[in-house]
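# Reading the structure
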Amino acid sequence: MDRVLSYLTLNTRQFHELTLRMRVVLSQLPLSLTVLLILVGGALFHRDLFSSGSFLLGAGLQAVLLALCVVVPWDRLPHASFLVIPLLDFIPIGLMRHGAGTMITGVGLLAVFPVIWLAASGLFPRAALAVGFLGSLAIVWAPVFGTDAAVTSQSLTQSILLPFIMLAIGVTIRVMTASMMAQQQVVEEKDQALQMLLEESARRERLLETVVNSVDIGLIAVDETGRPMLTNRKLEQFRALAGGTRNTAEGDLRIFQHDGQSVMPEARRPTRRAAEGQVFSDYLLWWGERPDQRVLSTSSRLMTNQAGAREGSVVTFNDVTELVTALNAKDEFVATVSHELRTPLTAIRGYLELLTGMPDLQPEVASGLEVVSRNSERLHKLVVDLLSTAEGTPEITPVPTDFSELVLQRVASARERSTNPLMRFEDRTEPGLLALCDAPRIGQVLDNLLSNAVKYSPDGGRVTVSAAEVDGEVECSVTDQGSGMSAEELKGVFSKFFRTSAARNAAIPGVGLGLAISKAIVERHGGTISCRSVEGEGSTFTFRLPLARADQDQQLQPQQL
Ligand code: ADP
């Protein structure tokens, strides 16, 4: 009932939601109600009306048609069969118009109801207009032809306006209906597209949620202000480990630095750094307290909008505790083994020195001792390298140092050591360069680069060492014309235990620690080291150190290495 009332108050949206039978009844109802009004009016003021047989027949037919609207199961009949009702409506209207005669004028105007119904149905538009026009014409011409009176042009045109008015109304309604229908279609199409978009977006959201929650990595997406937009279950587990819950601020979590005990300052925590727009990878943090403490490797990437502006960041948390533990165990093992090797080796070297210094040694004994001595030296270097790698960060004491002199000494020593007669050395170092460095340690770096240049130039060639002041730093390069490396090999050249396959195949002695140690030493000075290399053409290793000012309150380091 509410729906019917709603329709009667012109809420057309709901009209479409009614059943077909209800819609047919409601479309017929205005005409039936108007007829009822005429009957009431006639009963009050024109009782003669009820003596007219055709009027009563018309009113009766009208009632029958309304009854048909109610009882016929329209939805089970062929489509559009309900249009028979407005079509038949012209008959009772014609009968009532004829019966009303001059008692009530304008009854013919009732034809407007079937005309509107036909035109507004949107079905068979042209036929509907024609039927409306012809039906109205029939209403006005039927009495002219139905009597014995002669048909004159006057009698034919007397009420001819009615069908034309009905036609005009029909056309207007048809145009309005067509435009409404077109609009409705557009709205429906948009509605459908929107619905599909909503479904797609909901599907994507479900997919994202499933993926985000099934990965074994903690995830958080934050906006530019650091407000969380998305987190996953794994991160909640990590948060619980650090004494927090889903809503605990990152600053309140128990996160520590690499010693596992010093609290990580808030400004250096990953989400805070990400909110500031920093991009980082493999940033290690110790979460929670021992013994449940875990080591998390965190990385951050920026999120940008379509215009490329920063919208926030995504931070990932990966549990690398086992890896870090394994690496520490490896370093400990290397340190222990090297320590154990060093003690007997020191004794061997001491006695060797004693033996080689003995007078009157037989030549074969002397040359045997020479071989033993050379090999024990190699063994000693290896043990020292292993110890230094296991130590981690090398200890240094930087003082203003005559860098040019240092290079001169190391090149001279390399020349002396070189057993390859095809090897030439060239020192292009600017004189008087002052670097703030630990001379023995930097000497170790130069020795390593020079010995590599010789080792990896089996066919000889020139080794050039140059050093100069560049951008307020001391820059030193060691260039050779040796075997060089491929771009792929170059990527790992400063990693511990790295060796190119060429070096391994050619059985060139070495374990791949020299460059890793050199890098650690240079970086400990606040400097940098890099390498350029072309396979088959040679390599250039370049390192930079801080410049020492001449007025620095330190004594020049003697070049005693
Ligand atoms: P080692 O020389 O003891 O093997 P390094 O750490 O000094 O260890 O060098 C690592 C690897 O880098 C070497 O094994 C070699 O394959 C490559 N490499 C180093 N220097 C050069 C060079 N000047 N020319 C070509 N390859 C080199």
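Residues numbered from 1 in each chain as written. Predicted model: local features only at pLDDT ≥ 70, side-chain atom pairs only at ≥ 80, totals over all residues. Heavy atoms only, no water.

Labelled according to an unreviewed UniProt entry, the chain appears under the name Sensor-like histidine kinase SenX3, originating from Arthrobacter agilis. Quoted verbatim from the Subcellular location (unreviewed entry) field of UniProt, the annotation for the chain is "Cell membrane". Entered under Cofactor (unreviewed entry) in the UniProt record, the comment concerning the chain runs "a divalent metal cation". (UniProt positions renumbered as here; feature names shortened; annotations may be inferred.)

### Here's the deal with the sheet that holds strand β8 (residues 423-427)
Judged by pairing direction, the sheet is mixed, and its 5 strands sit side by side in the order β8-β10-β11-β13-β12 without closing on themselves. Where the open sheet ends on each side, the last strands, each with one partner, are β8 and β12 (528-534). Each neighbouring strand pair of the sheet contributes to a mean axis angle of 15°, computed without reference to strand direction. Examined bridge by bridge, β8 and strand β10 (residues 461-470) share 5 bridges and lie parallel to one another. Looking across to β10, one finds that Phe 425 is bridged to Val 463. (Pairing = 2+ DSSP bridges. Helix = DSSP H or I, 4+ residues; strand = E, 2+ residues; numbered from the N terminus. Axes fitted to C-alpha atoms, helices over the stretch in contact; angles between N-to-C directions.)

### Re the environment of Leu 235
Mapped onto the fold, Leu 235 is located in helix α10 (residues 233-241). Expressed as a C-alpha distance, the spacing of Leu 235 and Ile 220, which sit 15 residues apart in the sequence, is 7.5 Å. Not counting chain neighbours up to four residues away, the residues in contact with Leu 235 comprise Gly 218, Leu 219, Ile 220 and Phe 317. (Contact = heavy atoms within 4.5 Å.)

### Some details on helix α12 (residues 321-356)
Its 36 residues give α12 an end-to-end C-alpha distance of 51 Å, which sits within 8% of 52 Å, the value for a rise of 1.5 Å per residue. Those residues of α12 lying buried are Thr 321, Val 324, Val 334, Ser 338, Leu 345 and Leu 352. Buried-residue contacts for α12 involve β4 (280-287), β5 (294-304), β6 (310-319) and α13 (363-391). (Expected span 1.5 Å × (residues − 1). Buried < 20%, exposed > 50% of the residue type's maximum accessible area, 1.4 Å probe, protein only.)

### Remarks on the UniProt feature "transmembrane region" (unreviewed entry) in the chain
Within this numbering scheme, the UniProt entry marks residues 20-43, 55-74, 94-120, 127-144 and 156-176 as carrying the feature "transmembrane region" (unreviewed entry). Overall, residues 127-144 shows 100% helix and 0% strand. The separation of its end C-alpha atoms is 25 Å. Secondary structure across residues 156-176 divides into 86% helix and 0% strand, with the first and last C-alpha atoms of the span separated by 32 Å.

### Focus on the environment of Gly 132
For Gly 132, the location among the structural elements is in helix α7 (residues 125-146). As for Gly 132 and Phe 90, which are separated by 42 residues in sequence, their C-alpha atoms are 8.7 Å apart.

### Notes on the sheet that holds β6
Spatial ordering of the open sheet is given by β2-β1-β6-β5-β4-β3, a layout of 6 strands whose pairing is antiparallel. Both edges of this open sheet fall to β2 (228-231) and β3 (255-256), since each of them pairs with a single strand only. Running over the sheet, α12 touches β4, β5 and β6 and is turned about 125° from β5.

### Re the site of the ligand
Around the ligand sit 21 residues, and of these Asn 452, Tyr 456, Arg 499, Thr 500 and Leu 515 come closest. In this structure, an oxygen atom belonging to the ligand sits 3.0 Å away from a side-chain N or O atom of Lys 455. Between Thr 500 and the ligand, the recorded distance is 2.7 Å, taken from a side-chain N or O atom to an oxygen atom. Notes on the ligand: free accessible area 530 Å², of which the protein chains cover 97%. Looking at the shell around the ligand, the elements with two or more residues in it are α15 (439-455), α18 (514-524) and β13 (538-546). Sorting elements by how many residues they give to the shell around the ligand places α15 first, with 3 residues. Here the shell around the ligand is composed, by residue class, of 9 nonpolar, 9 polar and 3 charged. (Near = heavy atom within 4 Å. Polar contact = N/O pair within 3.5 Å; in protein donor to acceptor, adjacent residues only side chain to side chain. Areas by Shrake-Rupley, 256 points an atom, 1.4 Å probe, with all protein chains shown as cover. Nonpolar A, V, L, I, M, F, W, Y, C, P; charged D, E, K, R; others polar.)

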